[in-house]
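Structural overview
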Amino acid sequence: MHTCCRSRAWARRVAAHRPYPDVDALLAAADEAAYDLAPDDITEALTGEDLVLPPDPAVYSGHSGYSAYSVANTALVAAHSAYQTRFGHPFVICLDDIAPGEALDHLLAGLRTRLGHDPVHERELAAEELRRLARGRLARLTRTETGRETGINSPYVPV
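All figures in this text were calculated on a predicted structure; none of them were measured in a lab.

Bringing the overall build of the protein chain into the picture now. Counting its regular elements, the protein chain contains seven helices and zero strands. Going residue by residue from the N terminus, the α and β elements of the protein chain occur as α-α-α-α-α-α-α. By residue count, 38% of the 159 residues in the protein chain fall in the buried class. Of the contacts formed within the protein chain by residues at least 6 apart in sequence, a portion of 68% connects residues at least 24 apart. For the protein chain, the computed accessible surface area is about 9000 Å², with 54% contributed by carbon and sulfur atoms.

See below:
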C-alpha cells in the first residue's frame, strides 16, 4: 500500500477497511482516504515522491545520441529544481491518460504552469495529483496481482 501513496495514514486507512468486494470499491476507498489526508500526511506523501523521467522515445526507435529529448530532459530537471525551491516538495503529476510520446511535453507544460501558482493553490493541486497517482498505482497493482486486466479471480481484492 505504501508504494501507492507514501502517506502512512492513507495506507493504514485503505488497508483497515479490507477486504474489498471488488476493485471499484477499493479505488473508491483509496480516493476517500486521499481526500481526508491532513496537511502533515500530504507533506509525508509528497516527500516520498521523486521526479520520474519518461523514457526517450528514440531508444525504442533505434536512434541514439543527442536529441530533442535530451534538451527537454535538461529543461525538465531545471524546472523541477525551481519548483522544489519554490514549493518545498517534488513536483507530482499523474500521466496515466497521457500517451508515452507526449509525457515529457506534458511534464514540462505542467511544471511551467504550476510554477506560477501561489503556494496554497499549488498544494491543493499537488494533493489532487497524489490522489490520482495513488489511484493509478493501486489499479495497476491489482491488475498485476490478479494477473488479469479486468476483474479478479476472487471475491476480494488482494490488498
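Text resumes after the structure shown.
According to the stated counting rule, one finds two aromatic pairs in the structure shown. For the ring pair tyrosine 83 and phenylalanine 91, a centre distance of 5.2 Å and an interplane angle of 80° mean the geometry is edge-to-face. Grouping residues by exposure puts tyrosine 83 and phenylalanine 91 together as buried. Here the aromatic residues Tyr83, Phe87 and Phe91 are joined through ring pairs into a cluster of three or more.

With that out of the way, let us pick up the environment of leucine 115. Inspection of the secondary structure puts leucine 115 in helix H6 (residues 103-115). Owing to a relative accessible area of 23%, leucine 115 belongs among the partly exposed residues under this scheme. A sequence separation of 32 residues divides leucine 115 from tyrosine 83, and the C-alpha atoms of the two residues are 6.0 Å apart.

Turning our eyes to something else, we now look at the side chain of histidine 117. Residue position: histidine 117 is located in the loop between H6 and helix H7 (119-146). At a separation of 3.0 Å, a polar atom in the side chain of histidine 117 contacts the side chain of glutamate 122.

Here the focus is the nonpolar core. One finds Trp10, Val14 and Leu138 to be the most contacted residues of the largest nonpolar core, which totals 36 residues. Going through the elements one at a time, helix H1 (8-16), helix H2 (23-35), helix H3 (39-47), helix H5 (68-87), H6 and H7 are the ones with two or more residues in this core. The contact partners of leucine 138, leaving out residues within four places of it in the chain, are Met1, Cys4, Trp10, Leu26, Leu27 and Ala30.

Looking now at H3. Along H3, the residues classified as buried are Asp41, Ile42, Ala45 and Leu46. Projection of H3 onto a plane perpendicular to its axis shows the buried side chains occupying an angular sector of 135°, all on one side. Opposite the buried face of H3, by more than 90 degrees, sit the exposed residues Asp40 and Thr47.

Once that is clear, we can look at the pattern of salt bridges. Overall, the coordinates contain twelve salt bridges when judged by the stated rule. Put simply, glutamate 44 and arginine 8 hold a salt bridge, and the shortest N to O gap is 2.7 Å. Within this pair, whereas glutamate 44 is found in helix H3, its partner arginine 8 is found in helix H1, the two being separated by 36 residues in sequence. By relative accessible area, which is 23% here, glutamate 44 ends up partly exposed. A salt bridge links glutamate 129 to arginine 132, with the shortest nitrogen-to-oxygen separation between them at 3.3 Å. With glutamate 129 and arginine 132 both in helix H7, this residue pair falls three residues apart, about one helical turn. Connected through shared salt-bridge partners, Asp31, Glu128, Arg131 and Arg135 make up one network.

Let us look at the packing of H1 against H2. Remark: H1 packs on H2, axes separated minimally by 9 Å, with the N-to-C direction vectors making an angle of 145°. As H1 runs across H2, the sense of the crossing is right-handed. Counted together, Trp10, Arg13 and Val14 of H1 and Leu26, Ala29, Ala30, Glu32, Ala33 and Ala34 of H2 form the full contact between these two elements.

Conventions and cut-offs
- Residues numbered from 1 in each chain as written.
- Predicted model: local features only at pLDDT ≥ 70, side-chain atom pairs only at ≥ 80, totals over all residues.
- Heavy atoms only, no water.
- Helix = DSSP H or I, 4+ residues; strand = E, 2+ residues; numbered from the N terminus.
- Buried < 20%, exposed > 50% of the residue type's maximum accessible area, 1.4 Å probe, protein only.
- Contact = heavy atoms within 4.5 Å.
- Areas by Shrake-Rupley, 256 points an atom, 1.4 Å probe, with all protein chains shown as cover.
- Phe/Tyr/Trp six-rings, centres within 6.5 Å; stacked < 30°, edge-to-face > 60°.
- Polar contact = N/O pair within 3.5 Å; in protein donor to acceptor, adjacent residues only side chain to side chain.
- Core = buried A, V, L, I, M, F, W, Y, C linked by side-chain atoms within 4.5 Å.
- Arc of directions from axis to C-beta.
- Salt bridge = Lys/Arg side-chain N within 4 Å of Asp/Glu carboxyl O.
- Axes fitted to C-alpha atoms, helices over the stretch in contact; angles between N-to-C directions.
- Left-handed = near helix turned anticlockwise from the far one by under 90°.

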